[in-house]
Amino acid sequence: MTQAPPHLSTALDEETARAELYGLIAELFYAPPTPALLAQLRVAATQAPSAGGFLEEPWRILVGTAREMDDTAIAREHEALFGGVGKPEVYVYASHYLSGFLNEKPLVQLRHDLAALGLTRDTTTMSETEDHVSYLMEVMRFLVAGDDVAVSNLTQQAKFFAAHVQTWVLALSDALQANPRARFYAALAGLTRAFVSVETQGFDLLA
């Protein structure tokens, strides 16, 4: 196999790390982490998961928290914060933070933008609406790592991020870090906040 030039290899590594981090955040928010995922997290190197040291400390805190808590405690925390009957302790839907209500205009606009990208929600595998944080993070992962360069490119990433991630995910992080029942998910919120900040700065440089 021909080795990529150093500058290209570095760029590819950074894009892979970005996609993987979007995917990890999506998976951790969507459901209680599986034992296999937590086992991988606990043995992860406690260094920045992508280029730039700004993510190193929140990544170290998340891995450390996963090591300190057992699988059951983390699953119970997920249920306590996001599950249950009626109003959850912490909402994970963009519409709530952008309009104060669920299934409002932000969700309508999101569905319009997803359709423009050729994306729809598979209702057989995902019961949550498209403005769930995990769905949006998965869309970003696709826009970073997808094979169709007409869709998965920096222009589409920046546009979708500015409209549907940057506008509210920091407020979600605030809510989690302020919740006294959040420990693992407060650590995840710290990593999410740092990652969104790094992404915001990167996209701002493209403007």
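This text goes with the structure placed above it.
Keep in mind that what you see is a predicted model, and the values were worked out from it rather than measured.

Re the layout of surface pockets
- By volume, the second largest pocket amounts to about 150 Å³.
- What lines the second largest pocket is a set of 14 residues, among which Phe82, Val92, Tyr93, Glu128 and His132 lie closest to the centre.
- Broken down by secondary-structure element, the contributors of at least two residues to the lining of the second largest pocket are helix H1 (6-30) and helix H4 (71-82).
- Across the lining of the second largest pocket, the residue classes tally to eight nonpolar, five polar and one charged.

Looking at helix H9 (residues 169-178)
- Listing the buried residues of H9 in full gives Val169, Leu172, Ser173 and Leu176. Viewed along the axis of H9, the buried residues span an arc of 100°, placing them on a single side of the element.

Let's talk about the side chain of threonine 192
- Among the structural elements, threonine 192 can be located in helix H10 (residues 184-206).
- On the basis of relative accessible area, threonine 192 is assigned to the buried category, the value being 1%.
- A polar atom in the side chain of threonine 192 sits 2.8 Å from the backbone oxygen of leucine 188.
- Discounting residues that sit within four places of it in the chain, threonine 192 has contacts with Ile25, Phe29, Met137, Val169 and Ser173.

Thresholds, definitions, all that
- Residues numbered from 1 in each chain as written.
- Predicted model: local features only at pLDDT ≥ 70, side-chain atom pairs only at ≥ 80, totals over all residues.
- Heavy atoms only, no water.
- 1 Å grid on protein atoms, 1.4 Å probe; cavity = no way out; pocket = protein on both sides within 12 Å on 5 of 7 lines; lining within 4 Å.
- Points joined across faces, edges and corners; volume = space filled by probe spheres on them.
- Helix = DSSP H or I, 4+ residues; strand = E, 2+ residues; numbered from the N terminus.
- Nonpolar A, V, L, I, M, F, W, Y, C, P; charged D, E, K, R; others polar.
- Buried < 20%, exposed > 50% of the residue type's maximum accessible area, 1.4 Å probe, protein only.
- Arc of directions from axis to C-beta.
- Polar contact = N/O pair within 3.5 Å; in protein donor to acceptor, adjacent residues only side chain to side chain.
- Contact = heavy atoms within 4.5 Å.

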